[in-house]
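Structural overview for review
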Amino acid sequence: MKAPQTEAPRSEMPWEETHEERQERLLRQMHGNPRVAYMLQHGPVPHWVKVARQHREQKAREARQPAARTRGRHRAPRRWWGWPANALGATLLLGQSAMETLGASLAPDIGIPI
């Protein structure tokens, strides 16, 4: 003789339960949770409340980060130290050409060989 097979109640098989049964099961599990109590009393929380909470949490995370950020993999640009050398070189070149021009015109009168 075969033993009678007992089937599990419908609520114990989560893959076959309806939306209402699942909601009732979850509410029983979360009894005493203040958020669940608020939801049952006032209805579900609007989407903007969740978005505002995410923005507050993001700003709090950013405030906890250090103020000085690292530059990453890129090097800082080097200062161009060539300005003084170029200015000095241009000045010397201008002085030399001026002396050659003046020397060429004054040398025959003074008798200084160039």
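Residues numbered from 1 in each chain as written. Predicted model: local features only at pLDDT ≥ 70, side-chain atom pairs only at ≥ 80, totals over all residues. Heavy atoms only, no water.

Concerning the overall build of the chain
The test is simple: Segments assigned H or I by DSSP are reported as helices when at least four residues long, segments assigned E as strands when at least two residues long, and all are numbered from the N terminus. Only protein chains enter the accessibility calculation, which uses a 1.4 Å probe; a residue is then buried when its area is under 20% of its type maximum, exposed when over 50%, and partly exposed in between. To be clear on the numbers: accessible area is Shrake-Rupley with a 1.4 Å probe, and residue cover counts the displayed protein chains and nothing else.
Along the chain, the regular secondary structure elements total 4 helices and 0 strands. Ordering the α and β elements of the chain from the N terminus gives α-α-α-α. Buried residues in the chain amount to 5% of all 114 residues. Carbon and sulfur atoms make up 59% of the accessible area of the chain, which totals about 11600 Å².

Notes on the pattern of salt bridges
As a reminder of what qualifies: The salt bridge criterion pairs a side-chain nitrogen of Lys or Arg with a carboxyl oxygen of Asp or Glu, the two atoms within 4 Å.
Under the counting rule described, the total for this entry stands at 1 salt bridge. For the salt bridge of Arg25 with Glu17, the shortest nitrogen-to-oxygen distance reads 2.7 Å.

A word on the side chain of Glu17
Basically, it comes down to this: N or O atoms within 3.5 Å of each other form a polar contact, as long as, within protein, one can give a hydrogen and the other can take it, and as long as residues adjacent in sequence are counted only when both atoms are side-chain atoms.
Turning to its location among the elements, Glu17 is positioned in the segment before helix H1 (19–29). In this structure the side chain of Glu17 is engaged in a polar contact, spanning 2.7 Å, whose partner is the side chain of Arg25.

Some remarks on the confidence of the model for the chain
Applied cut-off: pLDDT measures how confident the predictor is about each residue, on a scale from 0 to 100.
Scored by pLDDT, the chain comes out at a mean of 79, with 76% of its residues at no less than 70. Of all secondary-structure elements in the chain, the lowest mean pLDDT belongs to helix H4 (residues 82–110), at 83, while helix H3 (residues 47–64) reaches the highest, 93.

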